[in-house]
Amino acid sequence: MLLNESVGECDSIAVEEYPSRAVIDLGAIEHNAAVLRQDGPTCQHMAIVKADAYGHGLAQVTLAAARVGFTWFGAAQLAEARRVRAVLDRAGYSRDDVHILTWLGPSDTTWRGAIDDDIDVSVSVVSTLARLAASAREAGKTARVHVKIDTGMSRAGATLSTLPALASALAMSVQDQTVDVVAAWTHLARADEDSPEGLSATATQLDRFDAGLEILADAGIHPRIRHVGATSAILWHERACFDMVRDGIGLYGLSPNPAQRTARDLHFRPAMRLEANLEMIKIVEGDQAVSYGGTWTTPGPRWLGLVPIGYGDGVPRAASNAGPVSVITPTGTIRTHAVGRICMDQFMIDLGPVSDAENAQPGEQGPDLGQYHEPPAPVGSRVILFGNPDDPDTPDVPLADEWAQVADTINYEIVTRIGPRVPRVYIPATARP
Ligand SMILES: *Cc1c(COP(=O)(O)O)cnc(C)c1O
């Protein structure tokens, strides 16, 4: 038997009792929303807040987005869509004005939770429609549907060959008023690529979407809203904007393809800063292995710093020996990187050679080696793993993109995987001009 007992207030860690934190600049989210709106000025925008708002915090980001006028929210999972509804209800946003879309749920769900919470559901197959319509009937409500067309991602969605059957089933449910087809939608696989292959894949998807809309029209279904593009389409594919776009990574201030255009090029402000306090600093003599597996060896007597955050907090272990950091000291910022393997709760950084290293005898133990030299950064200094390099308070910090590069992943994964153990701290939008 599975247990899922609530532990009430015990599940989040107090910021003053933890040596690291993710600082979320809600003003940056507002700024990025305005930048995206400039690029897609004529259509509606849906704020994508799935996966705890890409690690930034579902409730805070939802409220910040609602305050700047978003009336559409997207969350992948039904469970998180219901959390979005609870947050908006509590803040007094009317369900008539603010809509939420979800596109994944347990395979056996009746979708009754979506009906009760007035959440729009993506429908790709007739069996989902049947369960959703049954729940709507039971509740005496009309289910709001976004019909999803698979235009080339080969993920969810009805392909052009299965769409006619789905369309006629939808038409019947519309007729008996159990279903309202609010929207038709699809998702692009390569909108972030400006290569000929990427551009042609996107063009093919858009052609198929048009064909899908015709199939729906032939069945008498005329969705009020067509939505296709996520951040990369807002930025780079005007043709994909239709009636609504879905603002994801750009809202959080990161580029969907930093190799093509950086966050700075796009005038985005990265909203998350991940930082820890330097827990300890020490001299380690030359030729000493550092961390598990001894994958890095001091090239001479070195100052090493202990950073109390690790893969248990979502820092990727794949960034061992490489993950960049900026250490903020009273005399300036030291740019350095992880040395040795990243552990579950901590990793070491190189803080440079001990100034007159020639005085150190090879093999000599550390303690009295250090007392003649000034540590390059005091214990307690802020160590910033990533943030906004254009923030005057934290100049020259790495971008999440740099961690993505050394961990062989994308910036989306870096921010999204920052775990629940790391306290989130919010800078209110009004705190900045
Ligand atoms: C995550 C997601 C988005 C947002 O994509 P970004 O690239 O982050 O803007 C939009 N639509 C769907 C279906 C998604 O899953």
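These notes cover the structure that comes with them. (Residues numbered from 1 in each chain as written. Predicted model: local features only at pLDDT ≥ 70, side-chain atom pairs only at ≥ 80, totals over all residues. Heavy atoms only, no water.)

A separate point is the overall build of the chain. Across its full length, the chain holds twelve helices and 19 strands. For the chain, the spread of C-alpha atoms along the three principal axes comes to 85 × 50 × 45 Å. Sorting the 433 residues of the chain into buried and exposed places 51% on the buried side. With an accessible surface of roughly 19,400 Å², the chain has 51% of that area assigned to carbon and sulfur atoms. Between the centroid of the 36 positive side chains of the chain and the centroid of its 54 negative side chains there is a distance of 5 Å. (Helix = DSSP H or I, 4+ residues; strand = E, 2+ residues; numbered from the N terminus. Buried < 20%, exposed > 50% of the residue type's maximum accessible area, 1.4 Å probe, protein only. Areas by Shrake-Rupley, 256 points an atom, 1.4 Å probe, with all protein chains shown as cover. Lys, Arg positive; Asp, Glu negative; His and termini not counted. Charge placed at Lys NZ, Arg CZ, Asp CG, Glu CD.)

It is worth spelling out the packing of helix α7 (residues 163–175) against helix α8 (residues 196–218) at this point. Interaxial distance between α7 and α8 falls to 9 Å at its minimum, and their mutual angle equals 40°. Regarding the angle of α7 to α8, the classification is oblique. Crossing of α7 against α8: the hand is right-handed. Listed contacts from α8 to L163, P164 and A167 of α7 are G212, I215 and L216. Its residues assigned to classes, the contact of α7 with α8 shows five nonpolar, one polar and no charged. (Axes fitted to C-alpha atoms, helices over the stretch in contact; angles between N-to-C directions. Parallel < 35°, antiparallel > 145°, perpendicular 65-115°, else oblique. Left-handed = near helix turned anticlockwise from the far one by under 90°. Contact = heavy atoms within 4.5 Å. Nonpolar A, V, L, I, M, F, W, Y, C, P; charged D, E, K, R; others polar.)

Attention now moves to the pairing of strand β14 (residues 302–307). Counting buried positions over the six residues of β14 gives six, a clear majority of the element. Going residue by residue along β14, you find R302, L304 and L306 tucked away on one face and W303, G305 and V307 tucked away on the opposite face as well. One ladder, built from five bridges, connects strand β11 (residues 280–284) with β14; its direction is antiparallel. Bridge pairing links I283 to W303 in β14. In this structure, β14 lies alongside strand β17 (residues 347–353), joined through five bridges in antiparallel fashion. When the sheet's bridge partners are listed, L306 is paired in β17 with M348. (Pairing = 2+ DSSP bridges.)

A separate point is the pattern of salt bridges. Within this structure, the stated rule accounts for 24 salt bridges. As a salt-bridge pair, R239 and D207 come within 2.8 Å of each other at their nearest N and O atoms. Of this pair, R239 sits in the loop between α9 (231–236) and β9 (244–247) while D207 sits in helix α8, placing them 32 residues apart in sequence. The class of D207 is partly exposed, set by a relative accessible area of 44%. Across the salt bridge formed by R417 and E413, the nearest N and O atoms sit 2.7 Å from each other. For R417, a relative accessible area of 54% translates into the label exposed. (Salt bridge = Lys/Arg side-chain N within 4 Å of Asp/Glu carboxyl O.)

So, about the sheet that holds strand β10 (residues 272–277). Pairing within the open sheet is mixed, and its nine strands lie in the order β11-β14-β17-β16-β15-β18-β10-β1-β19. Here the strands that pair on one side only, and so sit at the sheet edges, are β11 and β19 (424–427). Looking at each pair of strands side by side, their axes are set apart by 35° on average, direction ignored.

Moving on, we get to the site of the ligand. What surrounds the ligand is a group of 13 residues, the closest being K50, Y54, T231, I249 and Y412. Side-chain polar atom of Y412 to an oxygen atom of the ligand: 2.6 Å apart, as the coordinates give it. Protein chains bury 93% of the 390 Å² of accessible surface belonging to the ligand in isolation. For the shell around the ligand, the class distribution of residues is seven nonpolar, three polar and three charged. (Near = heavy atom within 4 Å. Polar contact = N/O pair within 3.5 Å; in protein donor to acceptor, adjacent residues only side chain to side chain.)

Okay, the packing of helix α3 (residues 58–67) against helix α4 (residues 78–90) next. Running from N to C, α3 and α4 cross one another at 55°; their axes reach a closest spacing of 10 Å. If you check the angle between α3 and α4, you find them oblique. α4 is crossed by α3, and the crossing has right-handed handedness. Side by side, α3 and α4 meet where L58, A59, T62, L63 and A66 of the first sit next to E80, R83, V84, V87 and L88 of the second.

Next up on the list: the side chain of D117. With respect to the secondary-structure elements, D117 resides in the loop between α5 (112–116) and β5 (120–123). The residues touching D117, leaving out its near neighbours within four places in the chain, are R82, R85 and R95.

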